[in-house]
Amino acid sequence: AFDFYPYSGLHRSVQFLSLPFWGIEDVTVTTDIEGSDGVVKVSVLCERDAPVTAELAGVMDSAVPEEGFADLTLRIPNARLWSPEDPYLYKLTVSLEGIDTYSLNVGIRTVAVEGDKLLLNGKPVFLKGFGKHEDFPFSGRGLNRAVVLRDAELYDWVGANSYRTSHYPYSEDWLDMADRRGYLV
């Protein structure tokens, strides 16, 4: 009788990838702001002692992994900060020399709580949005990219800037859409 039990099976897309034996295993990105500069910290998990390079907006850093991790820092001068009004995304490319490359979009932003205020990039932000589930009456919980786009259009139509997730991991499609359209999750 619970809302999250009726669906089963594969409800997201499945991909088969051919990956190098000693490739990049994981990339973790955190961002900060110092003055007008964006600071992008990249931690790369890999089991190879080859140099790892990260590049974003023409800024590069390299390191050789120690104990499986390479930690890199990119300082972006006069960074264009991500916000609901300007959801700007930079392309980050991480490379394990001659073996593997991985790219992802990164929004430079900070989120903090100060008293009863939620701060985005050091400024108060008012959340306008909804609680969101990933289901639809005709397709259940199965990923339906047309529904993702339709919901995003409805969010824009009502002026929403956020949604609250539920008790399961959300599809990368929804989280990528939120980054591209300026929704706080």
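Look up a bit, the structure's there.
Residues numbered from 1 in each chain as written. Predicted model: local features only at pLDDT ≥ 70, side-chain atom pairs only at ≥ 80, totals over all residues. Heavy atoms only, no water.

(A) Up close: the packing of aromatic side chains. Scanning the model with the defined rule gives six aromatic pairs in all. Measuring from centroid to centroid gives 5.1 Å for Tyr 163 and Trp 174, while their planes differ by 70°, and the two rings are edge-to-face. Of this pair, Tyr 163 sits in strand β12 (residues 162–164) while Trp 174 is found in helix α2 (residues 172–181), placing the two residues eleven residues apart along the sequence. Owing to a relative accessible area of 3%, Tyr 163 belongs among the buried residues under this scheme. You can call Trp 174 buried: its relative accessible area is 2%. Following the ring pairs from residue to residue traces out a cluster consisting of Phe 130, Tyr 155, Tyr 163, Trp 174 and Tyr 183. When the ring centre of Trp 82 is taken as origin, the NZ or CZ atom of Arg 109, which lies over that ring, is 4.3 Å away. (Phe/Tyr/Trp six-rings, centres within 6.5 Å; stacked < 30°, edge-to-face > 60°. Helix = DSSP H or I, 4+ residues; strand = E, 2+ residues; numbered from the N terminus. Buried < 20%, exposed > 50% of the residue type's maximum accessible area, 1.4 Å probe, protein only. Lys NZ or Arg CZ within 6 Å of the ring centre and 35° of its normal.)

(B) A look at the sheet that holds strand β10 (residues 123–124). Strand order in the open sheet formed by three strands is β8-β9-β10, and the pairing between neighbours is antiparallel. Every interior strand has two partners, whereas the edge strands, β8 (111–114) and β10, have only one. Note: β8 against strand β9 (residues 117–120), four bridges, orientation antiparallel. Residue pairing for β9: Glu 114 is matched across the bridge by Lys 117. (Pairing = 2+ DSSP bridges.)

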